[in-house]
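Architecture at a glance
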Amino acid sequence: MKSEDLKQRDLASVWHPCTQMKDHKFLPMVPIKKAQGVWLEDFDGNRYIDAISSWWVNLFGHSNEKISSAIKQQLDCFEHVLLAGFSHEAVINLSEQLIEITPASLSKCFYADNGSSAVEVALKMSFHYWKNIGQPKKTKFINLSNSYHGETIGALSLGDVSLYKEVYEPLLLDVITVPSPDSFNREIGESEREYAVRMFAHMEEALQQHKDEVCAVIVEPLVQCAGNMRMYDSSYLTLLRMACDKYEVHLIADEIAVGFGRTGTMFACEQAGISPDFMCLSKGLTGGYLPLSVVLTTDHVYEAFYDDYENLTAFMHSHSYTGNPLGCAAALATLDIFKSENIIEANKSLIKEFSQQCERFCDHPNIGDIRQRGMITAIELVKDKATKESYPWQQRRGLEVYKYGLKHKALLRPLGNVIYFMPPYVITAEEIQLLVDVAERGIELATKD
Ligand code: PMP
């Protein structure tokens, strides 16, 4: 009764994100009653493993005792205070710790309250830096094809997934898009590294040609998550760092999705041994509890804004909830869990488990690619294994897997024809097996004809 009532009231009043609401004529709406660890439970007592960490935010399970109690403790002191002119212990501690664990040259933290806003901050800061140092002709950005950086107008401009972007094109900034080094497209026999190096020539050319008008290159290091979990070799990032230095262009690393251990290291940039000029973090920053984001940058950038007020060089950007203390408390508890439970090391056995469980898909006639970076594993359904020709998007094959999953204890939310696992790190080997079993049967159904 309760469940039916909620579903009806929901559909009468809530407009859901990233959803064609008419789909709910045939797709169930699932109100959640409680959640613990990797498990979500609805009002009818059905349970679902949150295989996608509730849109890649949750790291240490739902209702995590340590994070919940850190938030409660902060709540007992106070809930929020503006961050202009005023400060608080949680934001100071968090900034110090983030500076310590991120790549070496990052030494200042600027906060916002969601990933897209962090990208906006990095974009504006980079542009403003060049203006402050007397290079106002630098007004453009370079991105990679198939990239995703958020939904607000600036962030959407920097992305390249047409499903989200195309309709808004007349509203967007003009960007220079360079072909992605996405390993899926490499030639047979070509290694991921060889392909990344080969594809870098396009970036080098764009930088050479446009360096005088370009503020920054923005990338999602190692995995283009919303772009169907496409992955590329770390050598591309190493080359990119060198080229950005050479052509005097900033490098923005959008680690909003891949940060905090998702790719096997704390930050994906570590695998390329690079330090970006801006690093955007959100999602896992609070363990999946509260909306908070941060842009880390260098002293060098900071100093270009630091001057007498009259010179009007300050970064006059603000969000009401900048550096929210409850979010910062959740983030501090999250970082504490990473350290005290040695998570990056502990995840290695889970990563291996996913890789072994997914070996079963190698010979499947309609699986064109199985790829993995750390705690992200993706399986791409194709019409033709030999040519990797994809199924027409209109057939919505992935949706069949989603529907099957819902009936069999798994929240799998494919991206088009790509089924992927990106679960909270508290998942067990048995739960991984259950997930992959469900995905396998769902894939059988979805590829039947
Ligand atoms: N950048 C990347 C790489 C992302 O994956 C996302 C969210 N999926 C964003 C930016 C935007 O973050 P938010 O949804 O919090 O605005």
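The structure reproduced in this document is the subject of the present report.

Here we look at the overall build of the chain
Of regular secondary structure, the chain possesses 14 helices and 16 strands. Taking 449 residues into account, the globule formula puts the C-alpha radius of gyration at 22 Å, and the chain, at 22 Å, falls close to it. With the principal axes as the frame, the chain shows a C-alpha extent of 65 × 60 × 45 Å. For the chain, buried positions account for 55% of its 449 residues. Here the analysis covers contacts within the chain between residues at least 6 apart in sequence; of these, 70% occur between residues at least 24 apart. On the chain, roughly 20800 Å² of surface is accessible, and the fraction owed to carbon and sulfur atoms is 53%. In the chain, 43 positive and 60 negative side-chain charges are present, and the distance between their average locations comes to 6 Å.

Here's the deal with the site of the ligand
Residues in contact with the ligand, as listed here, are Trp56, Asn114, Gly115, Ser116, Tyr148, His149, Gly150, Glu220, Asp254, Ile256, Ala257 and Lys283. Contact distances for the ligand include 3.5 Å between an oxygen atom and a side-chain N or O atom of Asn114. At a separation of 2.6 Å, an oxygen atom of the ligand approaches a polar side-chain atom of Ser116. Out of a free accessible area of 390 Å², the ligand has 82% covered by protein chains. Considering only residue class, the shell around the ligand consists of four nonpolar, five polar and three charged.

Side note on the nonpolar core
Counting residues in hydrophobic clusters, the biggest one holds 109 residues, and the most contacted among them are Trp56, Leu98, Met203, Met229 and Phe260. When residues in this core are grouped by element, the largest group, nine residues, is from helix H11 (residues 325–340). Summarising the domain contributions, this core has at least three residues from each of domain 1 (31–63 + 343–446) and domain 2 (66–340). Once residues within four sequence positions are removed from consideration, Leu98 is found in contact with Cys109, Tyr111, Phe260, Leu281, Leu285, Val294, Leu296 and Leu335.

A short note on the side chain of His149
Relative to the helices and strands, His149 resides in the loop between strand E5 (140–144) and helix H6 (153–158). In this structure the side chain of His149 is engaged in a polar contact, spanning 2.7 Å, whose partner is the side chain of Asp254. Apart from residues no more than four positions distant in its own chain, His149 is found in contact with Ser116, Val119, Ala155, Leu158, Gly159, Ile218, Val219, Glu220 and Asp254.

Section: the sheet that holds strand E2 (residues 39–42)
Spatial strand order, E1-E2-E3-E15: four strands in an open sheet with mixed pairing. Pairing within the sheet leaves two strands with one partner each, and these edge strands are strand E1 (32–36) and strand E15 (410–411). Packing against the sheet, helix H14 (residues 429–446) makes contact with E2, strand E3 (47–50) and E15, and its axis sits at approximately 100° to E3.

Some remarks on a positive patch on the surface
Where like charges cluster on the molecular surface, the positive patch consists of Lys2, Lys33, Lys34, Arg47 and Lys409. By the element assignment, Lys2 lies in helix H1 (residues 2–13).

Some thoughts on the sheet that holds strand E12 (residues 293–298)
Strand pairing in a sheet is mediated by backbone hydrogen bonds. Such pairs are either parallel or antiparallel. Strand order in the open sheet formed by seven strands is E4-E12-E11-E10-E7-E5-E6, with mixed pairing between adjacent strands. With one partner strand each, in any of the chains shown, strand E4 (106–112) and strand E6 (176–178) form the two edges of the open sheet. When the angles between neighbouring strand axes are averaged without regard to direction, this sheet yields 20°. Each of E4, E5, strand E7 (214–219), strand E10 (250–254), strand E11 (278–281) and E12 touches helix H5 (residues 115–132); the most contacted strand, E12, lies at about 25° to it. Against the sheet, helix H8 (residues 192–210) touches E5, E6 and E7, its axis set at about 155° to E6.

Definitions and cut-offs
Here the residue numbers are simple positions, counted from 1 along each chain's written sequence. In view of the model being predicted, local features appear only for residues whose pLDDT reaches at least 70, and side-chain atom pairs are presented and counted only at 80 or more, with totals across whole chains, interfaces and linings using the full set of residues. Only hydrogens and water are set aside when side-chain values are computed; all heavy atoms of the structure are taken into account. The numbering of helices and of strands both runs from the N terminus, where a helix is a DSSP run of H or I of at least 4 residues and a strand a run of E of at least 2. We compute the radius of gyration from the C-alpha atoms alone; for a globule the expected value is 2.2 Å times N to the 0.38, where N is the number of residues. To sort residues, take the accessible area from a 1.4 Å probe on protein chains only and compare it with the maximum for the residue type: under 20% means buried, over 50% means exposed, and anything in between is partly exposed. Working rule for contacts: check all heavy atoms of both residues, and any pair within 4.5 Å makes them a contact. The accessible surface values rely on the Shrake-Rupley method and a 1.4 Å probe; as for residues, cover is taken only from the protein chains in view. Note that His is not counted, nor are the chain ends; the positive residues are Lys and Arg, and the negative ones are Asp and Glu. Just so you know, the charge point we use is NZ for Lys, CZ for Arg, CG for Asp and CD for Glu. Near, as used in this document, describes a residue that has one of its heavy atoms within 4 Å of the molecule or strand being considered. Within 3.5 Å is the distance limit for a polar contact, defined as a pair of N or O atoms, with the added protein rule that one can donate a hydrogen and the other accept it, and that residues adjacent in sequence qualify only through two side-chain atoms. Just so you know the grouping, Ala, Val, Leu, Ile, Met, Phe, Trp, Tyr, Cys and Pro go in nonpolar, Asp, Glu, Lys and Arg go in charged, and all remaining residues, Gly too, go in polar. Among buried residues, those of type Ala, Val, Leu, Ile, Met, Phe, Trp, Tyr and Cys that are joined through side-chain atoms within 4.5 Å constitute a nonpolar core. Each domain span listed reflects an automatic or database assignment of domains. Two strands pair under a simple rule: DSSP has to find at least two bridges between them. As a rule, the C-alpha atoms of each element are fitted with a line to give its axis, helices using only the stretch in contact, and angles between N-to-C directions run from 0 to 180 degrees. Patch rule: a residue counts if its relative accessible area is over 30% and it has no salt bridge; like charges are joined within 9 Å, and nonpolar side chains (Val, Leu, Ile, Met, Phe, Trp, Tyr) within 5 Å. Criterion for a salt bridge: a side-chain nitrogen of Lys or Arg within 4 Å of a carboxyl oxygen of Asp or Glu.

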